[in-house]
Amino acid sequence: MTLADDPLIELRTRLAEVSDLERLGVLLAWDQEIVMPPAGAEWRASQRATLERLTHERFTDDRIGELLEAAVPATPVDEDLVRVTRRDYDKARRVPAGLVEELVHAGATAREAWARARAESDFALLEPHLRRNVELRRRYVACFPEVERPFDALLDDYEPGMRTSEAEDILGRLRDGLVPLVAAAAASAGDDALVTGGPFPADAQRRLVETVLRQVGVDDERWRLDVALHPFMATISPGDVRLTTRYADDDLDSLFGTLHEFGHGLYEANVDPELARTPLGAGVSSAVHESQSRLWENMVGRSAGFWRWCFPHLQAAFPERFAGRGWQDVHRAVNTVKPTLIRVSADEVTYGLHIVLRFELELALFEGDLDVADLPAAWRDRTRAYLGLDVPDDADGVLQDVHWAEGLFGYFPTYALGNVIAGQLWARITADLPDLDERFAAGDFAPLTAWLAEHVHRHGRRLTPGELVARAAGGPLDPEPYLEYVRAKVAGASARLIA
Ligand code: ZN
């Protein structure tokens, strides 16, 4: 056998092409959101659909299956490559191309209906589309007859290997821990007036965000920052990581949002370069990814050390607003706990309950007896039970998120699981690096970045999410460290109130 006949080499060559096509798809999507003139939308949709079809055909080609059979892994990386690719390949081959197209098309149609329904706060405009999405997703689930529970097939797309029963257990314990905490915090009525209400001019926000990004390790060689309506992160390659943010005049969310996207970007940027252009060269799951973004947004961005370092920069950006104030004032304001109707503006303590609510409704849709028509009422009931709030209209209730309109079911739980993992990692990190807060105060984020690169980022998809958490955090998925973290936060707030 010559080198050219080595199945592993041919497999790697073909997978590298698939990876290139996928990244080009990301580039097209980024371009559409950030720089494309609006009149290009119709053609861009065709371009993206063509590229997606070619990518799918290339990856699900019979030849890939033959090569996976014939390949003889020579190294541990090769073994992981064959195992992970085999799993992806088998999943991709199960779903008929016609169904994939229907899912994409139905999602795009429903997205438009959702925008109208939300603007008019009229659930009836979305209901038939949602019904269709649920029906199509049921057909998708049916492609995996071996799953124990229907929801397992949906969850597996975002959390490979996770069972619904595990998500139920973790999120149930999270809910039971958070409900009394949120009730107690609501009674103490925190005050975030210092960092809300504006005006915070966009130019000054941008300078502040750029200062923070430079300090945490963003350089012009590998990174970009642009403005987007709905902020996201796009990795075009390990040497081309693109963050986006949004500057609203009346709050400082751009700072926390950018730290969030930075956490996602840092994960992708630090995957072992050896894994690039293979299926192993990316973050391992949605929840692990979200653990990285939440860790930078909340554990770092709302820490005392961070604000001891950042406060002078904040003051320089908005001299009038913060004249005569100290870092402690800002630290207190950005850690306010106050229940809100809207998930995306929720604080980090109440956030988990927004997700639990969605997860429970998704489960009831796919495994229980909840009808699509009854979603608005079920939403109101749970919002009252978990957050103690009345939902005045569906725009501020069941219509607030685009996910279900896009056909995304099984995705929401990963947001809360990301917080849970971030809590576990943070407990480990602060034990390993006891002077971390002092380092932040000195503007030194390198010890944290190095810890994350070593224990989380570099592995790419070589470890399963469960293996990664067990190794990095020292045990299985567990909501307790996160609950401890938020309990300390709420206790701190009430202690300050009494004092
Ligand atoms: Zn995120």
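The rules behind these values
- Residues numbered from 1 in each chain as written.
- Predicted model: local features only at pLDDT ≥ 70, side-chain atom pairs only at ≥ 80, totals over all residues.
- Heavy atoms only, no water.
- Helix = DSSP H or I, 4+ residues; strand = E, 2+ residues; numbered from the N terminus.
- Buried < 20%, exposed > 50% of the residue type's maximum accessible area, 1.4 Å probe, protein only.
- Contact = heavy atoms within 4.5 Å.
- Donors = N, O, S within 2.8 Å, 3.2 Å for Na, K, Ca; no water.
- Domains from an automatic or database assignment.
- Buried area = accessible area lost by both parts, 1.4 Å probe.
- Salt bridge = Lys/Arg side-chain N within 4 Å of Asp/Glu carboxyl O.
- Axes fitted to C-alpha atoms, helices over the stretch in contact; angles between N-to-C directions.
- Parallel < 35°, antiparallel > 145°, perpendicular 65-115°, else oblique.
- Left-handed = near helix turned anticlockwise from the far one by under 90°.
- Nonpolar A, V, L, I, M, F, W, Y, C, P; charged D, E, K, R; others polar.

1. Some remarks on the overall build of the chain
Assigned secondary structure in the chain consists of 20 helices and three strands. If you line up the chain on its principal axes, its C-alpha atoms span 75 × 50 × 50 Å. A total of 499 residues make up the chain; the buried ones form 52% of that total. Taking as baseline every contact in the chain between residues at least 6 positions apart, the subset at least 24 positions apart corresponds to 73%.

2. Concerning the coordination of the zinc ion
Surrounding the zinc ion are the protein donor atoms H260 (NE2), H264 (NE2) and E290 (OE), at 2.1 to 2.3 Å. Between consecutive donor residues of the zinc ion, the sequence gaps follow H-x3-H-x25-E. You can see H260 and its partner H264 sitting in helix α10 (residues 253-269), four residues apart, about one turn around the helix. Take H260: its relative accessible area is 10%, and that puts it in the buried class. With a relative accessible area of 11%, H264 lands in the buried category.

3. Some points on the domain arrangement of the chain
Size of an interface, as often reported, equals the accessible area lost when the parts are brought together. Domain parsing of the chain yields domain 1 (7-147) and domain 2 (164-498). Between domain 1 and domain 2, the C-alpha centre-to-centre distance is 26 Å. Counting from both sides, the interface comprises 37 residues of domain 1 and, opposite them, 41 residues of domain 2. Buried surface at the junction of domain 1 and domain 2, summed over both partners, amounts to about 3500 Å²; 61% is from carbon and sulfur atoms. Counting the surface domain 1 buries against domain 2, the share from its top three residues, R23, W30 and F123, is 20%. Our count for the domain 1 to domain 2 interface comes out at five salt bridges. Across the pair D88 and R461 runs a salt bridge, and its minimum N-O distance is 2.9 Å.

4. Topic: the pattern of salt bridges
With the rule as written, the count across this model stands at 51 salt bridges. Across the pair R132 and E102 runs a salt bridge, and its minimum N-O distance is 2.7 Å. You can see R132 sitting in helix α6 (residues 127-141) and its partner E102 sitting in helix α5 (residues 97-120), a full 30 residues away along the chain. For R132, a relative accessible area of 32% corresponds to the partly exposed category.

5. Section: unusual backbone geometry
With the exception of glycine, most residues fall at negative phi, and the peptide bonds are largely trans. The step from G198 to P199 runs through a cis peptide bond, and the omega angle for that step is 0°. Inspection of the secondary structure assignment puts P199 in the loop between α8 (164-188) and α9 (202-216). Even without a glycine there, the phi angle at S121 is positive, about 50°. One can find S121 in the loop between α5 and α6.

6. Some details on the packing of α5 against α6
Orientation of α5 relative to α6, taken along the N-to-C sense of each, is 160°, at an axis distance of 10 Å. When the axis of α5 is compared with that of α6, the two are roughly antiparallel. Along this stretch, α5 crosses α6, giving a crossing that reads as left-handed. Every residue of α6 that contacts α5 at L99, E102, L103, A106, G107, T109, A110 and A113 is listed here: H129, R132, N133, L136, R137, R139 and Y140. Residue composition of the contact of α5 with α6, grouped by class: seven nonpolar, four polar and four charged.

7. Looking at the packing of helix α16 (residues 412-432) against helix α19 (residues 465-473)
At a closest axis distance of 9 Å, the pairing of α16 and α19 adopts a crossing angle of 25°. Our classification of the angle between α16 and α19 gives roughly parallel. Side by side, α16 and α19 meet where I421, Q424, L425 and R428 of the first sit next to V469, R471, A472 and A473 of the second. The residue makeup of the contact of α16 with α19, split by class, is five nonpolar, one polar and two charged.

8. Quick notes on the environment of D192
Locating D192 in the fold gives a position in the loop between α8 and α9. Remark: the alpha-carbon pair of D192 and D329, spanning 137 residues in sequence, is separated by 9.5 Å.

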